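If you want the building blocks of each chain, they are given just below.
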Amino acid sequence: MDALDALDALDALDASDASAGCLIQNYTRLPVTFTHGEGAWLWDDKGRRYLDAIAGIAVCSLGHAHPAVTAALCEQARRVTHTSNLYRIAAQEKLAGELARISGLETAFFCNSGAEANEAAIKIARLAARADGNNHPVIAVARGAFHGRTLGAWSATDPLGEHPGTPPPLAPGFVQTPFGDIAALEKTADETPQLCAVMLEPIQGENGVRIPADGTLRAVRELCDRRGLLLILDEVQTGLCRTGAWYCFRHEGAAPDLLTTAKALGNGVPVGACLGRRETTRHLAAGAHGSTFGGNPLACAAALAVIKTMEQEKLHEQAARTGDYLLGELRRALAGVPSVGDIRGRGLLIGIELDRPCQALAQTALEHELLINVTAGRVIRLAPPLIMERAQADLLVERLTAVIANFGDGA
Ligand code: PLP
């Protein structure tokens, strides 16, 4: 069986195949299976074509099957896929340099996901605290935060483990403060002598695209400087041009000490990184952390192609332009729909808040051949590929308006 036959055999699998029952049922999945994609389009196994307004949860920023990523992957797979971090990896060193250039941070540790990148950041912050004589370090995290589902990242996530799926105990060393409230953060710092860092998403994605007031990040940076705290920014969702800048912090010029990035970095190939100032990341000595797969040649080839393409196609500018256009068109089209409240966004990360739970809308949208996501119960989240064209943005508004209007009527 050659490679194409193998793919055809996979495509022929019936979704109701008994083997689906062999999966642990930890996801709530919509009843659709995609076989291929191109740009902002995905096709299912019945030949129906969907407009993708979520991009694999803010991952496929270059769209599906981007030729530059495909070519880089094929070329790298022909040479070598994996060697491990027992050896130098040229593509990893090059990628570290590229990330330093676009983020302004100096050093990188590579892993395979956003949660792992956050685990690395938490560990580095704790090691830096210990080097300072603080043996019980505490990190301030925000109410409404989402940092991933591994134990450390989940312990930093709101509601700090009250989710029924959380096995006790959580990792210690986190204290929660209201998102975007500088006075409250100041108070937390006063009351927490062992505080060593503040960890934040510049915009809370999973929590319904919550955007803090202008100047908040700068004020947090200033507070951290004044009190000798590290600033950790989780840009797993907001990074890599999504909000109209390479990284969201650049809108305010408030550079962090540690920054985590993943999702769009490989356009679908799993790769994440914890970036940081050399002064901070030096605490991660040889043997203190690692990953078998982290930054392997295949993942780094994909990430290098992603960064090059984003730069060549000026996708930060396109995300800002298309995002402004979409926000305006959505506000115009949904004005007067009673169930619709706030419509907010930055670049191509957009939230439409409804006045009632609306998880069912993802299924309704599917029936309209549109892929969206509902998060925080009542917020429709849009994170389309950054390469989305104007006509596709118009179609998105048209289909989404029909989906929401019918929902409002029927509720
Ligand atoms: N941090 C943020 C801000 C995220 O949005 C996510 C995922 O949605 C994560 C971390 C976790 O990333 P991953 O699912 O790749 O572990």
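Residues numbered from 1 in each chain as written. Predicted model: local features only at pLDDT ≥ 70, side-chain atom pairs only at ≥ 80, totals over all residues. Heavy atoms only, no water.

(A) Quick peek at helix α8 (residues 216-227). The end-to-end C-alpha distance of α8, which contains 12 residues, comes to 16 Å, matching closely the 16 Å that a straight helix rising 1.5 Å per residue would cover. Buried residues of α8: Thr216, Leu217, Val220, Arg221, Leu223 and Cys224, and no others. Taken end-on, α8 shows its buried residues confined to a sector of 160 degrees, consistent with a single buried face. Residues of α8 that are buried in the fold lie against α7 (182-191), β7 (195-200) and β8 (230-234). A positive phi of about 70 degrees marks Gly228, the residue just after α8. (Helix = DSSP H or I, 4+ residues; strand = E, 2+ residues; numbered from the N terminus. Expected span 1.5 Å × (residues − 1). Buried < 20%, exposed > 50% of the residue type's maximum accessible area, 1.4 Å probe, protein only. Arc of directions from axis to C-beta. Contact = heavy atoms within 4.5 Å.)

(B) Quick peek at the sheet that holds strand β15 (residues 379-382). The 4 strands are arranged β11-β12-β15-β14 in an open sheet whose pairing can be described as antiparallel. In this open sheet, the two strands that pair with only one neighbour each are β11 (340-346) and β14 (373-375). On average, each strand axis in the sheet is inclined to that of its neighbour by 25 degrees, with strand direction left out of account. In this sheet, β15 lies alongside β14 in antiparallel orientation, the contact comprising 3 bridges. (Pairing = 2+ DSSP bridges. Axes fitted to C-alpha atoms, helices over the stretch in contact; angles between N-to-C directions.)

(C) Local environment of the pattern of salt bridges. Across all of its chains, the model carries 22 salt bridges by this definition. Between Glu93 and Arg88 there is a salt bridge; the shortest N-O distance is 2.9 Å. As a salt-bridge pair, Asp190 and Arg227 come within 2.6 Å of each other at their nearest N and O atoms. With Asp190 in helix α7 and Arg227 in helix α8, this residue pair connects regions lying 37 residues apart in the sequence. The class of Arg227 is partly exposed, set by a relative accessible area of 29%. (Salt bridge = Lys/Arg side-chain N within 4 Å of Asp/Glu carboxyl O.)

(D) The arrangement of the nonpolar core in detail. Among the nonpolar cores identified, the biggest contains 83 residues, and Ile352 and Ile380 are the most heavily contacted of them. The element contributing the most residues to this core is helix α10 (residues 297-312), with 9 residues. Dropping the residues within four chain positions of it, Ile380 is found in contact with Ile350, Gly351, Ile352, Leu354, Cys358, Leu361, Ile372, Asn373, Val374, Leu400 and Ile404. Ranked by size, the runner-up nonpolar core spans 23 residues in total, among them Ala125, Ala128, Ala156 and Cys196. (Core = buried A, V, L, I, M, F, W, Y, C linked by side-chain atoms within 4.5 Å.)

(E) Structural detail: the site of the ligand. What surrounds the ligand is a group of 13 residues, the closest being Gly114, Ala115, Asp234, Gln237 and Lys263. With respect to the ligand, the side chain of Glu206 contributes an N or O atom lying 3.4 Å from an oxygen atom. Measuring from a nitrogen atom of the ligand, one finds a side-chain N or O atom of Asp234 at 2.7 Å. Contact with the protein chains removes 81% of the 390 Å² of surface that the ligand exposes when unbound. (Near = heavy atom within 4 Å. Polar contact = N/O pair within 3.5 Å; in protein donor to acceptor, adjacent residues only side chain to side chain. Areas by Shrake-Rupley, 256 points an atom, 1.4 Å probe, with all protein chains shown as cover.)

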